[in-house]
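What follows is the residue order along each chain.
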Amino acid sequence: MPKFNHRFIAVVVSILAALAVVQANQPTKKILVAHRGASSYAPEHTIAAYKLAIEQRADFVEQDLQITKDGVLVCLHDLTLERTTNVEEVFPDRFKQDVSEDQQPGAQKAKHWYVSDFTLAEIKRLDAGSWKGEQFKGERVPTWQEAVDFVRGKAGLYPETKAPEVYGRRGFDMEKLLMDSLRKNKLERPGADAKTPVVIQSFSDASLRKLRDVHKLKLPLVFLIHSDPQAKWLTETGLKTIKGFADGIGPNKSLIEREPKLVGWAHTAGLTVTPYTFRSGATGRYKDVREEMTQFLFTYGVDALFTDNPDQFPRR
Ligand code: G3P
Ligand code: CA
């Protein structure tokens, strides 16, 4: 056993103590999730938007998931195709006319082109870029697999199971499709690919419970919470319940603006906080989106956020 004098031991101990203090004072890295890609600048959920998000140093790129008629996961925010593609032009007669509950007698019924009424081959014929600008003409709706292939190794993936109950009524199982894909891509375990972490989000607690309890998924799960009445979850008891099926909350930013203490309550319950959505032109009392994100990250203390403007994300 080597002999050390007291002076040597004291020096080593003080160096270790100093290192511990430096470590403890390191600010935790704040996480940037590019919302539908860099969607302020490029058409949401296209490879162009994902590419720009990565160039603007996003930690994660978000994908909203929908399901085609032939059972393929695609990245699109809406259940329907008409807002972000030229479906009305390519398939003028393939719409459904919805009867909404508040429909006035005699009023025109809205026409909708549902993703689940079209095969992937049909959806691939659509232009998903021109609505945002002529320079994006020819962008396509990406499949989830294409998003994985494009983003992998460059950033993390942040898929959202969108309206899984609607797809359930149409005979699809969104959670199983996602799980099968994660397994096929060997991404179903935390840390499976250090360069491509995966976080799964949903407004549906049933969807997250199914992933955790039925599919035994260990990846981080984030429960999205929009404004009232879903805000009922944001009590001490509600947050404890969420901790039973998720690892974080993704509240509408207005809920934190209304009650900033919510961040501390969630942290006490062991949950991360990732509010949505920070975008230029919708910043309320803030001068601009950078100032708004700065307030949420460094004053309110959120861990991460969803933004359409990754280039404006404040870093410290
Ligand atoms: O998923 C976070 C945020 O994107 C939720 O809102 O409607 O843009 O999917 P939405
Ligand atoms: Ca989303």
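Described below are features of the structure shown in this document. (Residues numbered from 1 in each chain as written. Chains lettered and ligands numbered in written order. Predicted model: local features only at pLDDT ≥ 70, side-chain atom pairs only at ≥ 80, totals over all residues. Heavy atoms only, no water.)

Section: the site of ligand 1
Right, on to step 1. Every residue close to ligand 1 is listed here: His35, Arg36, Glu62, Asp64, His77, Glu160, Lys162, Gln201, Phe203, Leu224, Tyr276 and Phe306.
Right, on to step 2. Here Arg36 contributes a side-chain N or O atom positioned 2.7 Å from an oxygen atom of ligand 1.
Right, on to step 3. Considering ligand 1 on its own, with 290 Å² of exposed area, one finds that the protein chains cover 91% of that surface.
Right, on to step 4. Tallied by class, the residues present in the shell around ligand 1 amount to four nonpolar, three polar and five charged. (Near = heavy atom within 4 Å. Polar contact = N/O pair within 3.5 Å; in protein donor to acceptor, adjacent residues only side chain to side chain. Areas by Shrake-Rupley, 256 points an atom, 1.4 Å probe, with all protein chains shown as cover. Nonpolar A, V, L, I, M, F, W, Y, C, P; charged D, E, K, R; others polar.)

Topic: the coordination of the calcium ion (ligand 2)
Right, on to step 1. Donor atoms from the polypeptide that bind the calcium ion (ligand 2) are Glu62 (OE), Asp64 (OD) and Glu160 (OE), placed at 2.1 to 2.4 Å.
Right, on to step 2. Geometry at the calcium ion (ligand 2) is irregular, judged from the six donor atoms that bind it and their angles of 60 to 159 degrees at the metal.
Right, on to step 3. The class of Asp64 is buried, set by a relative accessible area of 1%. (Donors = N, O, S within 2.8 Å, 3.2 Å for Na, K, Ca; no water. Tetrahedral: all angles 85-135°; square planar, octahedral: opposite > 155°, others 65-115°. Buried < 20%, exposed > 50% of the residue type's maximum accessible area, 1.4 Å probe, protein only.)

As for unusual backbone geometry
Right, on to step 1. In the segment running from Tyr276 into Thr277, the intervening peptide bond is cis, with an omega of -20 degrees.
Right, on to step 2. Tracing the backbone through its elements, the reader meets Thr277 in the loop between strand S10 (272-273) and helix H12 (289-299).
Right, on to step 3. With a phi angle near 55 degrees, Lys186 is a residue other than glycine that sits in the positive phi range.
Right, on to step 4. Of note, Lys186 is situated in the loop between helix H7 (174-184) and strand S7 (200-202). (Helix = DSSP H or I, 4+ residues; strand = E, 2+ residues; numbered from the N terminus.)

Regarding the environment of Ile47
Right, on to step 1. Considering the arrangement of structural elements, one finds Ile47 in helix H2 (residues 47-55).
Right, on to step 2. Taking the relative accessible area as the measure of exposure, Ile47 reaches 26% and is therefore partly exposed.
Right, on to step 3. Separated by 10 residues in sequence, Ile47 and Gly37 have C-alpha atoms that sit 8.3 Å apart.
Right, on to step 4. Excluding its chain neighbours within four sequence positions, the residues that come into contact with Ile47 are Glu139, Pro142, Glu146 and Phe150. (Contact = heavy atoms within 4.5 Å.)

Some words on the layout of surface pockets
Right, on to step 1. For the largest pocket, the calculated volume is near 260 Å³.
Right, on to step 2. Around the largest pocket, the lining comprises 16 residues; the ones closest to its centre are Ile31, Thr272, Thr274, Asp303 and Ala304.
Right, on to step 3. By residue class, the composition of the lining of the largest pocket is eight nonpolar, four polar and four charged. (1 Å grid on protein atoms, 1.4 Å probe; cavity = no way out; pocket = protein on both sides within 12 Å on 5 of 7 lines; lining within 4 Å. Points joined across faces, edges and corners; volume = space filled by probe spheres on them.)

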